[in-house]
Structure formats: C-alpha cells, structure tokens
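Summary of the model geometry
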Amino acid sequence: MAWKKVRWPAILLAAFLGGMLLMSAAAARERACIPFHLKTEDGKIINPLTGENADQPYSPRQTCGPCHNYDEITKGYHFQQGWDVIKDDFGIAKGNPWVLSDGMLGKF
Amino acid sequence: MFEWVAVGPTDPKNIGQPGCGGCHPGGGGLEFDRDGKRYDQRLKEDPSLAQSLDGDYYKSKWDKSGVVEADCLICHLPGYNFPERNKQLKMWNFKWASTAASGIGQVVGLVKEGQEPRVFYNRRLFNEDGKIVLDLAYPPPSENCNFCHGISDAKKRGFSWNDRRNFDVHNSRGMSCADCHPAIEDPKLKITRIQHQFAKGDENVSSVRDDLDNTIMTCKDCHYQGYMGAPRPAHLSVRPNHLEKLACEVCHIPQLHIAGGEGFDVTTGAMVNYPTMNLHDPAKSPKRIGDYFSWHPRFAHLKRGQLAPVNVLLGVFYTNLDKDGIHYPLFGRENKKAYEKAKDQLKPADPMKPEIHTPEQIKIILTALSETLQGSKRFQQIKPYYHKGGMSYHLDDKGEVVAAVDHTWAAHMEGFNINHNVAPTGLALGAGGCGDCHSTEAHMFKGQIVTSLFGPTGKPDTISSGRLFGCQPWAFYLNQFHQLYLTPYVSLLMLVLVFGLVLHYTGQGPKVADFYGAPTEITWFPLSERWTHLFRMGSFLILAFTGYIFFFNNITLLQMSFGTPQMAVIIHWVVGLIFLAASVISFGIWGKYARFEPYDKEWLAKHGGYLGGKEVEVPAGRMNAGQKIFFWLTTILTVIMGVTGVALIFKTDLPLTLSCLMSTIHGFFAVIFVAAIIAHAYLGTIANPGTWRILVDGKVSRNWAKKHHSVWYKEYVKEEEDKNPEA
C-alpha cells in the first residue's frame, strides 16, 4: 500500500536523476579532455592544492604527452615552420641563397 | 634564435603584440636546436655556446628562460590570453608563457630582469585530487586561429573573421576555420590527423608547404556535395565561360572592408607598412592595416589559368647585385645605416616615410648605400639597387642613376590570394546584371589599381584594373558599344525592320505573278540546291535563336531550350560549322550567277519593281540585281561571322582583348545578318506569293520565270529549243 503511494513520485524522481546523469555523461563526452594532472618539465606532478611543485610552470610536453603523441604532433608545419627542412644551401638551386627553408623560420 | 623568439616592442602599449615568437606555438625550432637538442639542456652543459657565433645560442639565456614547448592551449583553450603570452616571451619567460597565457596560473618575475619567475596557480580550476579541469575545444575555435592569422592575413589580403563589417557568409553561418582547414588524414600523403598538418589551398605567393596545396575542399566540392548544407549555386545569369575563366572569388568577394597592405618600404631599416590606399580621396585613406575601409581587389591569373582576386604587397626595397649575378636583399641594419647617412640630404617630410621617388633622392640613397656596404664581407661586388613599382634603379660608373624595367625576382607582382570574407549571393558581382562588371563605372575593368606606392611625382602610380589582366582600353570601350548600344536596342531595331516590311506590304502590295496553272513548269531549284538552301536556312535559324539568347544572356531560356548553357554553346558552334559548310557549297552553286551584268542597272533603277505599286518588267538573270546584292552581302557576312565565330570557339584560350574584339564584331554583324535574312524571308514569301514553293518542289511556272528572270528565261527557252527544235 505504502509503495503504491510513493510509486509515481519515485518513478519520476528516478527518471529525473537518470536524465541528469545522462546529461552529465553527455557533457563530459563533449569535453576534449578529461581532468588531468599538470606536470613539470621533469615529469613531476603539480598539485596546487597540496603545494606539490606548485611554483613551477607546467610543461605541455609532459602534461599532454602521455595521452597525445607530442613528438608526432609537433611534426606539423605550424610547429616546425620550416625548421625541419632548414639548411644553409636550401635556396641555392633556385638562385635565392639567402633562403634557408620554405617556412617562416628561414624563408625571406 | 633566442633573440628571434623574444623580439618585438616592449613598451606598455605594444608589449602584447606578437613578435616573431608570438605566432610560433612552440615545439620545433623553439624547443630544439639545429642538431635536435634542447636549447636549455645543451646550454647548461656548455655555457660557452652563448659566447660563440652559433646562431642558435649567440647571446642566449636558454638555461634561464627555458624553451618554448608546443603550447597546445594556444589553439585549444577558448579565452587564451595571447597578449600575455607575447609579454612573457618578450621578457624571456619562455617556459612560463603557456602557464601565464592560459590563465591557469599567475607568473611573477621576469627572466629578462634577472629574476626567477614563480607560478601561483588558480586553485579553483583544480579538483580535490589535484587534477585540472579545462574546457578545451576540439576543433580549435576560430578566435584562437585569429591570434596570428588575423594579423598576418589582414595585411596580406584584408582578412578578418568574426567581423560584422568585413563579414563572411560562411562565418555568418557559424563555420569555423577548422571546418575548411581540418587536420589532414591522407594515406597517399602519408599524413595522419595526429600530425596536425592542416588542409590548405594554393597560395599564390607563399612557398610554405606547397606539397600540401589543394588539400582543402574547394568551393565546388562543398557547394555541389552539400557539405555542411552548402547550397548548390544556380548561376542562372552567368555565362558558362565566366564560370570557367573566373575563380568563384572574383564575383563572390567583390569588396573587402578592412584595409589590407598596399605595400611596404624598408628604406629606414624598418618595415614601414602602407595600408590600402583611398585613391578617390587620399585624405581619407586608412591610417593602419585593419582599419575599416572598403576596397576592391585587383585581379590576376592563377597558375590554373583562372582569374582571381589578389592583393599585391608592393615592395620598396634594396638589393645588392653581387659578382655571381644574384640580387641579394639587404639587411635592415644596412638600410638603416645608409638612411641615417642620407637623411639630412633627403630631408623627408616624414622621417619614417622618406618615400624616395625623384632621381636626386634615388642617387642620394644609393650613394649612401654604396658607402655603407663598402668593406662588407657578404659581397664581392658593391652595386646596390633600389626596387620600386616594377622599376629598378642603380648608379652607373659615373654615379648617375640608371632606371630600367625590373626583371629581377624583386619585381614579382603575384598577389596574395583573396579567398575569405565572402559576400552573400545578393552582393556578388553579376547579381545586379552584367553591368556589375561591364559598365564604365564598374571596378572590374575601369577601377584603378596602385602599381607603385610613390611614382615620379610622389603620388601613387595607378593602372586600370582591366588592363592589368590583359584587356586593352579600346577593347573595353568596344565592348561597351556592345553592352550599351547594341544589346538594349537590337530587339527594337528588328521590330522597326518588321514594321517597315509591313508598311511595304500594305503600301506596295505583293508582286502578283501567275505562279500556278502554267501548262509546263520549269525546275528552278534542283534537289541539290533545295537541300543546300535548307541546310543553310535551318542552321541559320538555330544560330539566330541561340545567338539571340546569348545576346541577352538569358541563361534560363538557354536551359529551357538546350538543357544547359554549355550545351547551347556547343550547339551554336557546331551548327555554325554546318552553316559555314553549307555556305561554301552555296557559293559554289550560286556564285557564278551572282556576277553583275549591264542589265542589272535597269533592275536597280526600277527598284526591282518593289516600289511604286505598279507591276513593271525588269530584266534579270537567274539572280536579279537585288538577289546578287543579297548574295554578296551574306557572303561577306558569312566570312566575318565564320572567322570571328571559329575564333570564339577557342574563346577561353584567346587573350582577353582579342576575345572582346571578336565578340563585339560577331555580335554586331549578327544583327545585320539577321536583319538581311528577315528582309530576304519577306521577299521570298508574302512579298512574292507562291515563291516559297520553290523550296518545296523547286518548280516555277514559265510566266513567273519570264516575269522575274526574263534574261535567264530567254536563254532557257533558247537552250530548250536548241535541244528540241520540234517542240
């Protein structure tokens, strides 16, 4: 008898909570990154709440690298900007000896 | 390299502006030296490198500043503080830059001032377990791309994004940079998404990663496949050859609304930028690149052959012609030193903008440069050149200025492609009709384009836009005749002609001849002649129909009649070739009858009996004088139409000026041709009832032949009698 009285409110409450849970899950999926530890360039964890290495700058290589292939990512042009092909004789063949690469680091 | 990362103004107003390192996200050359070793670690191991002439370490403090690792957050963190990053880099806080600019921590202390920076993290961003929670964006928001591209591309091509005044129709539909420039995933190129190589178009000027050219989806790709709901263009009023010859951007980016770069001058040793100029009212020229200012681009042929809008940065700069025959660009410090020497003699109104343009000024600066470069270990020969507006200047052995057309690399005039800030369809060129480009007021041909920042008079040199892409002014005005006078009035002229024929018919009446009922009919037109005439007539009707629609550029009617405008064009020239072939045959058949004879004078004197309302006898051979005139007229017109028409088949390969000339001649004489044929049709039908029957069975009555072609008839009868004396 008692269950009958609370049945519908309980179902509604369960549906509401379930919906909230799903929305949270959906929101979490939309984030590009889950929560993560910042790390110093030595790979040590930075924890401002405990004060652990909390005065050090974070290192993108050490922080993002464990999940994302930092070395592979930085092969992209935006990171190299010609540095990966730079050499002293780069432009000689084209008659532009002052040109050292085809990117912003080395071109005229 | 160390200096390169940190370079840039450090005054409070400009410290947030990016220097060289600002627009480099880190990694690569900002992390590793040319030997692939981390700068900070190597310098710690060997501090003497900072005193060496190694360009990677010369006077560097990598051991204190740290290196600039790839800053993921510069692209992926909405709200990233780009000016803060620039400030950190300029103050040598390389490894602290990302922490400070991302806002996850505050950085106190500047390496440049001998301090060791400390970080104070924003603890609100951290969970209890010490993990940070950042709302990173994938793909990156356009605002972050704009940190760098907003600045560099504004100068190159008047680009801005998220800018309501310099709007972009794709931007207004919510598209972001990454929608068109995603990370490339292409097994053929051996590139994976993780490598962060972004799709690009085919930049006209830049040499950057040409191997990635055209990895971006084209306008056509999206708008024919419906990518992201891109609408399929109808182009109902656009001629097919325009779609072939013009890049989409020509019509769809008619104007930019922020000032780009018109050019730059390095005379002072600094890069002095000149924003897009207001030629109509120089006093209202924008003061800086990026200021709101509406301007029309210039047009240039791309490598793929299409015309496209571009922005040429007109360079005013200096080289030294060395013994190896190569023009070497001079360093800014060399220019600066020479300018300091010459400044007192030059007496520029604005010391930051000397705008050297007179032979005297050129002589002064080149002399100063010669003196400055003396003893330079860079060159085996000192021969400085001044490059400006497509001309080069140098001093001869006597120290006098020699001017010549600049054929060196310094004179390159390729422009930066303009392909952003796309206008809505209603604002595209052509939405307002052909006049959007072909009127005398339109920018396309008559707009003025700067070719030299300061010409011989000190004012900018300009040239008409059309001339730049190959249309001579006279060809443009000839085309104007077509646009302004021929097209609007051709229908009226035809109506006037028909009205005149109606007046003739009602006033003079038809020529009545006893066409039927004769006891013995004569075959006037044998089958070969009837077919020749039929082919010529039929093909002419198709040519006139298609040509008339071309005249008014009514693409809808072309589609209704021929499926596609392209098909109509093909039909027009294929049928044109058939008409030409039929005309050659008809010339072979009837040419011999078209020679003028003495008795034709009488026919002409009596107007062939077509005027006066009375039936008169006029002598005529197989062709009367009027027909002979018509024959020769149409022969000449056929030659003109044939020559121009065949040339226009290859229109897309013709120089623009020749194409304009051919089109105008073709259109003008087509009108005369059609008028002549209408008159011919009138005389061959209702003006001479029954005559049309000749086209059906080729037969005429003897009375008709005797009346209309008396001389020929006499010869015919004589010949008949000679063959059969008894009859």
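Since the model is a prediction, treat every value here as computed from it, not as a measurement.

What follows is about the overall build of chain A. Counting its regular elements, chain A contains four helices and two strands. Across chain A, helices and strands are ordered from the amino to the carboxyl terminus as α-β-β-α-α-α. Sorting the 108 residues of chain A into buried and exposed places 32% on the buried side. Put simply, of all contacts in chain A between residues at least 6 apart along the chain, 12% involve residues at least 24 apart. Within the structure as shown, chain A displays about 6900 Å² of accessible surface, and the carbon and sulfur contribution to it stands at 63%.

All names here are of chain B. Partitioning chain B into domains gives domain 1 (2-140), domain 2 (143-176 + 238-311 + 416-473), domain 3 (314-411) and domain 4 (525-698). Relative to domain 2, the C-alpha centre of domain 1 lies at a distance of 36 Å. Taken together, the contact between domain 1 and domain 2 spans 11 residues of the former and four residues of the latter. For the pair domain 1 and domain 2, the summed buried area comes to about 590 Å², and 69% of that belongs to carbon and sulfur atoms. It is Cys23, Phe82 and Pro140 that lose the most area in domain 1 upon contact with domain 2, and together they represent 52% of the buried surface on that side. Remark: the boundary between domain 1 and domain 2 carries zero salt bridges.

A separate point is the interface of chain B and chain A. At the junction of the two partners, chain B supplies 59 residues and chain A supplies 44 residues. When the buried area of chain B at its contact with chain A is split by residue, Arg34, Glu69 and Tyr121 of chain B rank highest and sum to 11% of it. Connecting chain B to chain A are three salt bridges. Across the pair Arg38 of chain B and Glu41 of chain A runs a salt bridge, and its minimum N-O distance is 3.3 Å. Linking chain B with chain A are 21 residue pairs in polar contact (both at pLDDT 80 or more), by the criterion used here. Of all the secondary-structure elements, those providing two or more residues to the side of chain B that touches chain A are α2 (39-45), α4 (72-76), α6 (97-102), β2 (118-121) and β10 (327-329) of chain B. Taken together, the residues that form the side of chain B that touches chain A break down as 27 nonpolar, 16 polar and 16 charged.

The rules we used
- Residues numbered from 1 in each chain as written.
- Chains lettered and ligands numbered in written order.
- Predicted model: local features only at pLDDT ≥ 70, side-chain atom pairs only at ≥ 80, totals over all residues.
- Heavy atoms only, no water.
- Helix = DSSP H or I, 4+ residues; strand = E, 2+ residues; numbered from the N terminus.
- Buried < 20%, exposed > 50% of the residue type's maximum accessible area, 1.4 Å probe, protein only.
- Contact = heavy atoms within 4.5 Å.
- Areas by Shrake-Rupley, 256 points an atom, 1.4 Å probe, with all protein chains shown as cover.
- Domains from an automatic or database assignment.
- Buried area = accessible area lost by both parts, 1.4 Å probe.
- Salt bridge = Lys/Arg side-chain N within 4 Å of Asp/Glu carboxyl O.
- Polar contact = N/O pair within 3.5 Å; in protein donor to acceptor, adjacent residues only side chain to side chain.
- Nonpolar A, V, L, I, M, F, W, Y, C, P; charged D, E, K, R; others polar.

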